[in-house]
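Descriptive analysis of the structure
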Amino acid sequence: MTKKQEHWLNQVQMAESLGITVNAFARWKVEPVARIGKNVYYDVRSVLDNRLSHAEGNSLTAGDMEAERLRLTRAQAEGQEIKNELAKGKTAPIEIISLVLSKIAGEATGILDSLPLDIRRRHPELQTAVIESIKRQVVKSQNAIARTGDTLEHVLEDYLEQQDA
């Protein structure tokens, strides 16, 4: 049976010496140097090895750091290009375009809705069949306007695909 060494500490003592909670120390999953009965002991070397191996697993190599810097630089440049295009008025966020189109579509739908009645008032001599035909065409137009959001998405997707090609 192994005898406890002076420099070995149990989990509570090791956590106190490190200035962390026992739960935090347990999450580190440090390999104990000895188990004597129900007691588990750790030494500074095992804790240091654990922390070093953890740090190595999470650290980036010089090549990785350079690649990450390059990626971030490209992202910043792309972000600045987008800001410049917005400032020049050459592009707009899709949310703004959708908002404007939905407002215009709402106005157009309102005008189309009253169109058959306006025509009937101005031209009472027109036959009912003509007015019904106008109503059918108005409904088709209103349905097309209602699909503006879906159409916008498809047009945007097609445009982006053409830009990538």
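**Brief notes about the overall build of the protein**
- Along the backbone of the protein there are seven helices and two strands.
- Across the protein, helices and strands are ordered from the amino to the carboxyl terminus as α-α-β-β-α-α-α-α-α.
- Computed over the C-alpha atoms, the radius of gyration of the protein is 36 Å, more than 25% above the 15 Å expected from 2.2 N^0.38 for a compact globule of 165 residues.
- Expressed along its principal axes, the backbone C-alpha trace of the protein runs to roughly 115 × 40 × 25 Å.
- Looking at the protein as a whole, 15% of its 165 residues qualify as buried.

**A closer look at helix H1 (residues 11-18)**
- A distance of 3.2 Å separates the backbone nitrogen of Val12 from a side-chain oxygen at the start of H1, and that oxygen is part of Asn10.
- The positive-phi residue at the C-terminal boundary of H1 is Gly19, with phi of around 75°.

**Observations regarding the packing of helix H5 (residues 94-122) against helix H6 (residues 128-146)**
- Look at H5 against H6: their axes get within 9 Å of each other, and the N-to-C directions meet at 180°. Between H5 and H6, the interaxial angle falls into the category roughly antiparallel. Two secondary-structure elements touch here, H5 through Ala105, Ala108, Thr109, Leu112, Asp113, Leu115, Pro116, Ile119 and Arg120 and H6 through Thr128, Ile131, Ile134, Lys135, Val138, Ser141, Gln142 and Ile145.
- Across the contact of H5 with H6, the residue classes tally to 10 nonpolar, four polar and three charged.

**Comments concerning the nonpolar core**
- Judged by nonpolar contacts, Met14, Ala15, Phe25, Val30, Tyr42 and Val47 together constitute the single largest core of six residues.
- Not counting chain neighbours up to four residues away, the residues in contact with Phe25 comprise Gln11, Met14, Ala15, Leu18, Ile20, Val30, Tyr42 and Val47.

**Examining the environment of Ile82**
- The residue Ile82 is located in helix H4 (residues 62-88) in this model.
- With 34 residues separating them in the primary sequence, Ile82 and Leu48 have C-alpha atoms 47 Å apart.

**Considering the environment of Ala92**
- Mapped onto the elements of the fold, Ala92 is located in the loop between H4 and H5.
- Judged by relative accessible area, which is 38%, Ala92 ranks as partly exposed.
- C-alpha separation for the pair Ala92 and Ile82, spaced 10 residues apart in sequence, amounts to 9.4 Å.
- Setting aside its immediate chain neighbours within four residues, Ala92 contacts Leu86 and Ile97.

**Re the packing of aromatic side chains**
- Enumeration over the complete set of coordinates arrives at three aromatic pairs.
- Ring centres 5.0 Å apart and planes at 90° place the aromatic pair Phe25 and Tyr42 in the edge-to-face group. A residue pair is termed long-range when its members are at least 10 positions apart, and Phe25 in helix H2 (residues 22-28) and Tyr42 in the loop between strand E2 (39-41) and helix H3 (44-58) qualify at 17 residues. One exposure class covers both Phe25 and Tyr42, and it is buried.
- Note that Arg51 overlies the ring of Trp28, its terminal NZ or CZ placed 4.1 Å from the centroid.

**Focus on the side chain of Gln142**
- Tracing the backbone through its elements, the reader meets Gln142 in helix H6.
- A relative accessible area of 16% means that Gln142 is categorised as buried.
- Those residues within four positions of Gln142 in sequence are excluded, and the remaining contacts are Thr109, Leu112 and Asp113.

**Some points on the packing of H5 against helix H7 (residues 148-164)**
- With their axes 10 Å apart at the nearest point, H5 and H7 run at an angle of 145° to one another. Considering how the two elements wind past one another, H5 and H7 form a crossing that is right-handed. Along the contact surface, H5 presents Ile94, Ile97, Ser98 and Leu101, while H7 presents Thr148, Leu152 and Leu156.
- Its residues placed into classes, the contact of H5 with H7 shows five nonpolar, two polar and no charged.

Quick notes on the rules
Residues numbered from 1 in each chain as written. Predicted model: local features only at pLDDT ≥ 70, side-chain atom pairs only at ≥ 80, totals over all residues. Heavy atoms only, no water. Helix = DSSP H or I, 4+ residues; strand = E, 2+ residues; numbered from the N terminus. Rg over C-alpha atoms; globule rule 2.2 N^0.38 Å. Buried < 20%, exposed > 50% of the residue type's maximum accessible area, 1.4 Å probe, protein only. Polar contact = N/O pair within 3.5 Å; in protein donor to acceptor, adjacent residues only side chain to side chain. Axes fitted to C-alpha atoms, helices over the stretch in contact; angles between N-to-C directions. Parallel < 35°, antiparallel > 145°, perpendicular 65-115°, else oblique. Contact = heavy atoms within 4.5 Å. Nonpolar A, V, L, I, M, F, W, Y, C, P; charged D, E, K, R; others polar. Core = buried A, V, L, I, M, F, W, Y, C linked by side-chain atoms within 4.5 Å. Phe/Tyr/Trp six-rings, centres within 6.5 Å; stacked < 30°, edge-to-face > 60°. Lys NZ or Arg CZ within 6 Å of the ring centre and 35° of its normal. Left-handed = near helix turned anticlockwise from the far one by under 90°.

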